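Fold and geometry: a report
Each chain is listed here by its residues.
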Amino acid sequence: MDIVEKRIRITGVDPLSLLGINDSNLQIISDRFDANIVVRGDSISIKGEEKETQRVEKVFKELIYVLDKTGVLNNDDVVTVVELVSGEGENGKAVGDDSRDIVVLSARNDLIKPKTPGQRQFVRAVQKNDVVFAVGPAGTGKTYLAVAMAVSALRNREVQKIVLTRPAVEAGESLGFLPGDLKEKVIPYLRPLYDALDDMLPQDKLKLYMEKNVIEIAPLAYMRGRTLSNAFVILDEAQNASAMQMKMFLTRLGLNSKAIITGDITQIDLPQKSLSGLVEIQKVLKSVEGITFVYLEKADVVRHRLVKDIIDAYEKYNSWEGKD
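Before going further, it helps to examine the overall build of the protein. Secondary structure summary: the protein contains 11 helices and 11 strands in total. Split into buried and exposed, the 324 residues of the protein put 48% on the buried side. Taking contacts inside the protein between residues at least 6 apart in sequence as the whole, the part at least 24 apart equals 70%. Within the structure as shown, the protein displays about 17300 Å² of accessible surface, and the carbon and sulfur contribution to it stands at 48%.

Written as C-alpha cells, this is what we have:
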C-alpha cells in the first residue's frame with residue numbers, strides 16, 4: 001500500500017473558523033478518515049493511503065470554499081461535506097467526486113444543498129446537461145433546488161437572467177377574468193417561486209433584479225414567441241402544461257441557456273381529455289442526448305415526516321380504487 005502526502009494552504013479564510021473551536025471541525029474529519037492530519041500555521045499536511053488523502057484534501061477544499069462564501073462554518077456543514085465526499089455514489093465513485101453538491105447560499109447564510117441521493121442525482125444532472133426533467137411527488141425539493149441552482153448560475157455569471165414560469169390552469173378560469181393587473185393576477189399561482197427566491201436573496205437585491213428583469217416570473221402562456229438566450233429557465237408544475245405548451249416552452253431555449261422542468265404526474269389538473277405534456281415528453285425525448293430525466297421518490301421527501309405517509313396512503317387508496 002503506497003503512502004502519499006498532500007499539503008493544502010489555508011488562504012483567504014480564518015484558520016480558526018475552518019478548524020473549529022478547540023479543533024472541533026478537524027476532529028470530525030480525523031474521526032472519519034484513515035489519514036494523519038497535521039496543521040502548522042497556514043498549512044495542512046495530510047498523510048496516508050492515496051485514496052484517503054485525496055478525500056481529505058477534497059473535504060478541506062470544499063470547506064474552504066464554503067467558508068469563503070458564507071463567512072461561517074458549523075459542525076453540521078462539516079458533517080454534510082464529509083458525508084458527501086466519503087459516501088459511495090454511482091459506479092463506486094464518491095458522491096463528491098464528479099460535481100460540487102453544494103448549490104447556493106441563502107440570504108441567511110445557510111447552505112442550500114441536496115439532502116438525499118435523489119436530490120444529489122438531480123443536482124449532478126443539471127450540472128452535466130442543458131435540459132433536465134425532475135419528476136417526483138410533492139415535498140422532494142424539486143422546485144426549491146431548481147431555483148437554488150438558477151440563483152447559483154446567476155451569481156457565478158454563467159447566465160444573465162433567470163426566467164421562472166408555471167401553467168396557471170389551477171385558476172380554473174382565464175387570467176383575463178381575474179381582478180387586478182398581470183402581477184396581481186398571477187402571483188397566487190407563482191407564489192412558491194417567489195417564496196424560494198425570497199429565501200435565497202436579500203429583499204433589496206431581489207427587488208432590483210425583478211425591476212431590471214434580471215429575474216422574471218410569468219405564466220407559461222406568456223412565453224410564446226420568445227427566444228430565451230443566456231438564461232436559466234425553469235418550468236414548474238409541468239404536469240399541468242399541455243403537450244403543445246410543452247413543445248412551445250422547450251423550443252424557446254436560445255444560446256447558452258439551461259432549462260429545468262419539474263412536475264408530479266400524480267397531480268395533473270388539466271381537463272380529463274387533455275394529455276399532460278410532461279407525460280408525453282418522457283416518450284418523445286427519451287433518447288435525445290443532452291436531455292435527461294431524474295425521477296425522485298418518496299425517499300427524497302424532505303418536508304414534514306407525515307408527507308411520506310400521506311403519499312403512501314394516497315397510493316394505496318388509488319390502487320384499491322382501481323380494483324373496484
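More follows now that the structure is in view.
With that settled, consider the side chain of E52. For E52, the location among the structural elements is in helix α3 (residues 50-70). Ignoring any residue separated from it by four or fewer positions in sequence, one finds E52 in contact with F33 and D34.

We now examine the pattern of salt bridges. Oppositely charged side chains can form a pair if their charged atoms are brought close together. Evaluated as defined, the whole model comprises 10 salt bridges. Of the charged contacts, one joins E52 and R55 as a salt bridge, the two residues approaching to 4.0 Å between their closest N and O atoms. Pair noted here: E52 and R55 are both in helix α3, with a separation of three residues, about one helical turn. The burial state of E52 is the same as that of R55; both residues are buried. The salt bridge partner of D195 is R191, with a shortest N-O separation of 3.2 Å.

Secondary-structure assignment places V56 in helix α3. Looking at V56, the relative accessible area reads 0%, which means it is buried. Taking the C-alpha atoms as reference, V56 lies 7.9 Å from A35; in sequence the two are 21 residues apart. Once residues lying within four places of it in the same chain are set aside, the contact partners of V56 are I29, F33, A35, I37 and I46.

Strands sit in the order β1-β3-β2 across an open sheet of three strands; the sheet is antiparallel. Each edge of the sheet is formed by a strand with only one pairing partner; in this case those strands are β1 (3-9) and β2 (35-40). This sheet shows a mean twist of 15° between the axes of neighbouring strands, independent of strand direction. Note that β2 and strand β3 (residues 43-49) share six bridges and pair antiparallel. Residue I37 lies in a different strand from β3, and its bridge partner there is I46. Contacting β1, β2 and β3, α3 crosses the sheet at an angle of about 150° to β3.

This next bit is on the confidence of the model for the protein. Any region with low pLDDT has predicted coordinates that should not be read closely. Per-chain confidence: the protein averages 81 in pLDDT, with 82% of residues scoring 70 or above. Confidence, expressed as mean pLDDT per element, reaches its minimum in the protein at strand β4 (residues 104-105) with 51 and its maximum at strand β9 (residues 231-235) with 96. Counting interchain partners and residues more than four positions distant, the pLDDT-below-50 stretch residues 88-101 has 39 contacts.

Applying the stated criterion to the full structure yields two aromatic pairs. Relative to F293, the ring of F133 lies with its centre 4.5 Å away and its plane at 15°, an arrangement referred to as stacked. Here F133, found in strand β6 (residues 131-135), pairs with F293, found in strand β11 (residues 291-295); they are 160 residues apart in sequence, far enough to count as distant. Using a relative accessible area of 0% as the deciding quantity, one classes F133 as buried. Measuring from centroid to centroid gives 6.4 Å for F293 and Y295, while their planes differ by 15°, and the two rings are stacked. What links up through ring pairs into an aromatic cluster is the set F133, F293 and Y295. Of note, R32 hangs over the ring of F33, and the distance from its end group to the ring centre comes to 5.7 Å.

Right, let's get into the nonpolar core. If you look at the biggest cluster of nonpolar residues, it comprises 35 residues, and the most contacted ones within it are F122, L197 and F232. Among the elements of the structure, α5 (117-128), β6, α6 (142-155), β7 (161-166), α7 (182-200), β8 (215-219) and β9 are those that each provide at least two residues to this core. With nine residues, the single largest contributor to this core is α6. With sequence-adjacent residues up to four places away left out, L197 is seen in contact with V147, V151, L164, L206, I215 and I217. I8, L63, V81 and V82 belong to the second largest nonpolar core, which has 25 residues in total.

Under the 1.5 Å per step criterion, the end-to-end length of α6 is 20 Å for 14 residues, consistent within 8% with the ideal 20 Å. Most of α6 is tucked away, with 12 of its 14 residues classed as buried. Taken residue by residue, α6 has K142, T143, L145, A146, V147, A148, M149, A150, V151, S152, A153 and L154 as its buried positions. Just past α6, the residue R157 takes up positive phi, approximately 60°.

Sheet strands associate in pairs through backbone hydrogen bonding, adopting either a parallel or an antiparallel arrangement. Pairing is parallel across the open sheet formed by six strands, whose spatial order is β8-β7-β9-β10-β6-β11. The open sheet has two free edges, formed respectively by β8 and β11, since each of these has just one partner strand. Averaged over all neighbouring strand pairs, the angle between strand axes comes to 15°, with direction disregarded.

Procedures and definitions
- Residues numbered from 1 in each chain as written.
- Predicted model: local features only at pLDDT ≥ 70, side-chain atom pairs only at ≥ 80, totals over all residues.
- Heavy atoms only, no water.
- Helix = DSSP H or I, 4+ residues; strand = E, 2+ residues; numbered from the N terminus.
- Buried < 20%, exposed > 50% of the residue type's maximum accessible area, 1.4 Å probe, protein only.
- Contact = heavy atoms within 4.5 Å.
- Areas by Shrake-Rupley, 256 points an atom, 1.4 Å probe, with all protein chains shown as cover.
- Salt bridge = Lys/Arg side-chain N within 4 Å of Asp/Glu carboxyl O.
- Pairing = 2+ DSSP bridges.
- Axes fitted to C-alpha atoms, helices over the stretch in contact; angles between N-to-C directions.
- pLDDT = per-residue confidence, 0-100.
- Phe/Tyr/Trp six-rings, centres within 6.5 Å; stacked < 30°, edge-to-face > 60°.
- Lys NZ or Arg CZ within 6 Å of the ring centre and 35° of its normal.
- Core = buried A, V, L, I, M, F, W, Y, C linked by side-chain atoms within 4.5 Å.
- Expected span 1.5 Å × (residues − 1).

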